[in-house]
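Report on the structure
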Amino acid sequence: MLQLQPVPTIITFDCYGTLVQWHAAVRSAARAILAGRVTQAEAEDRSPTLADRLRSAAVERQQHPPYCDYKSVLRSALAVALAEAGHTATPEDEGTLLSTFGRIEPHPDVPAALTRLRARYRLAIISNTDDDLIAGSIAAIGLPIDFVITAQQARAYKPDHRLFLHAYEIMGVTKQETVHVGMGQFTDLKVCHELGIRSVWIDRAGEPPNPNWPPDAALNDLAGLPDLLSVP
């Protein structure tokens, strides 16, 4: 159990990966895109590599100005990842990727954990995405979220401090009134460490921790978060 002073009033979350099954969605999209070019067995075998490159290319694009919306980031990342794999991205490929991301199902542990947390805290999401793209995933979670703050609103992607600072302005709180919960070490724990935001790392992938960005606590999923944050 974390002893937090001052006691937080709002818990902020990363969405993709932390709350919803984003990594599985990327692999599913990669598999569907490859299926039009190679055999089913090859698509299964090659989709994890394509998904990994798609994710890394998207993060790389987010870190370079000028700002562009997340759908454009995804299109650019898909073009890079496919070109490196020897293919050319088509409008149909882009449609497959964006439709997959239009609704991503939550991890099984998420609805019950958020239900318990709502009894004590307000809940918010701070996400590297567009408003319309995340809407289906929020609906899939199936619970009210008090604030959904996106990169599109702040015109900045995590770990840019501006996205978190914009979120606090919109929510009307200070960082001392929050705890941030996220899976991404570079996107979430880095900025929390730099701004002095209390954080909980959700290590769903069994990653080695980066010693430069230590969280206040670490869990394998959200199931233990209510107990960690003193919810009865």
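A short tour of the structure in this document, coming up. (Residues numbered from 1 in each chain as written. Predicted model: local features only at pLDDT ≥ 70, side-chain atom pairs only at ≥ 80, totals over all residues. Heavy atoms only, no water.)

Here the focus is the environment of Leu 54. Mapped onto the elements of the fold, Leu 54 is located in helix α2 (residues 40–62). Given a relative accessible area of 4%, Leu 54 falls into the buried group. For the pair formed by Leu 54 and Val 200, sequence separation is 146 residues and the distance between their alpha carbons is 26 Å. (Helix = DSSP H or I, 4+ residues; strand = E, 2+ residues; numbered from the N terminus. Buried < 20%, exposed > 50% of the residue type's maximum accessible area, 1.4 Å probe, protein only.)

As a further point, take the layout of surface pockets. The space that makes up the largest pocket amounts to roughly 510 Å³. What lines the largest pocket is a set of 22 residues, and nearest its centre among them are Trp 22, His 23, Val 59, Gly 184 and Thr 187. Per-element accounting of the lining of the largest pocket gives the leading share, six residues, to α2. Across the lining of the largest pocket, the residue classes tally to seven nonpolar, nine polar and six charged. Lining the second largest pocket are 14 residues, with Gln 62, Pro 65, Tyr 157, Asp 160 and Arg 162 positioned closest to its centre. The residue makeup of the lining of the second largest pocket, split by class, is seven nonpolar, three polar and four charged. (1 Å grid on protein atoms, 1.4 Å probe; cavity = no way out; pocket = protein on both sides within 12 Å on 5 of 7 lines; lining within 4 Å. Points joined across faces, edges and corners; volume = space filled by probe spheres on them. Nonpolar A, V, L, I, M, F, W, Y, C, P; charged D, E, K, R; others polar.)

Under the counting rule described, the total for this entry stands at seven aromatic pairs. Between the aromatic rings of Tyr 16 and Tyr 70, the centroid separation amounts to 6.3 Å while the plane-to-plane angle is 25 degrees, which identifies the pairing as stacked. Here Tyr 16 is found in the loop between β1 (10–13) and α1 (22–35), whereas its partner Tyr 70 is found in helix α3 (residues 70–84), with 54 residues between them in sequence. Each member of the pair Tyr 16 and Tyr 70 is classed as buried. Relative to Tyr 168, the ring of Phe 164 has its centre 6.4 Å away and its plane inclined at 65 degrees; by these criteria the two rings are edge-to-face. Taken together, the positions of Phe 164 and Tyr 168, both in helix α8 (residues 161–171) and four residues apart, correspond to about one turn of that helix. In terms of burial, Phe 164 and Tyr 168 fall into one category: buried. (Phe/Tyr/Trp six-rings, centres within 6.5 Å; stacked < 30°, edge-to-face > 60°.)

The six strands are arranged β3-β2-β1-β4-β5-β6 in an open sheet whose pairing can be described as parallel. Whereas interior strands pair on both sides, the edge strands pair on one side only; in this sheet they are β3 (147–150) and β6 (217–219). Neighbour-to-neighbour, the strand axes of this sheet turn through a mean angle of 20 degrees, independent of strand direction. (Pairing = 2+ DSSP bridges. Axes fitted to C-alpha atoms, helices over the stretch in contact; angles between N-to-C directions.)

Moving on: α1. Here α1 contains 14 residues, and its C-alpha end-to-end distance of 20 Å stays within 8% of the 20 Å for a straight helix at 1.5 Å per residue. Every buried residue of α1 is accounted for by Trp 22, Ala 25, Val 26, Ala 29, Ala 30, Ile 33 and Leu 34. Angular distribution of buried residues about the axis of α1 spans 165 degrees; they occupy a single face of the element. Against the buried residues of α1 lie α2, α3 and α4 (91–101). (Expected span 1.5 Å × (residues − 1). Arc of directions from axis to C-beta. Contact = heavy atoms within 4.5 Å.)

What follows covers α8. Those residues of α8 not exposed but buried are Leu 163, Phe 164, His 166, Ala 167, Tyr 168 and Met 171. Where α8 is buried, its residues meet β1, β2 (122–127), β3, α7 (151–154), β4 (178–182) and α9 (185–195). Trailing α8 by a residue or two, Gly 172 shows a phi angle of about 75 degrees, which is positive.

Structural measurements only, silent on function.
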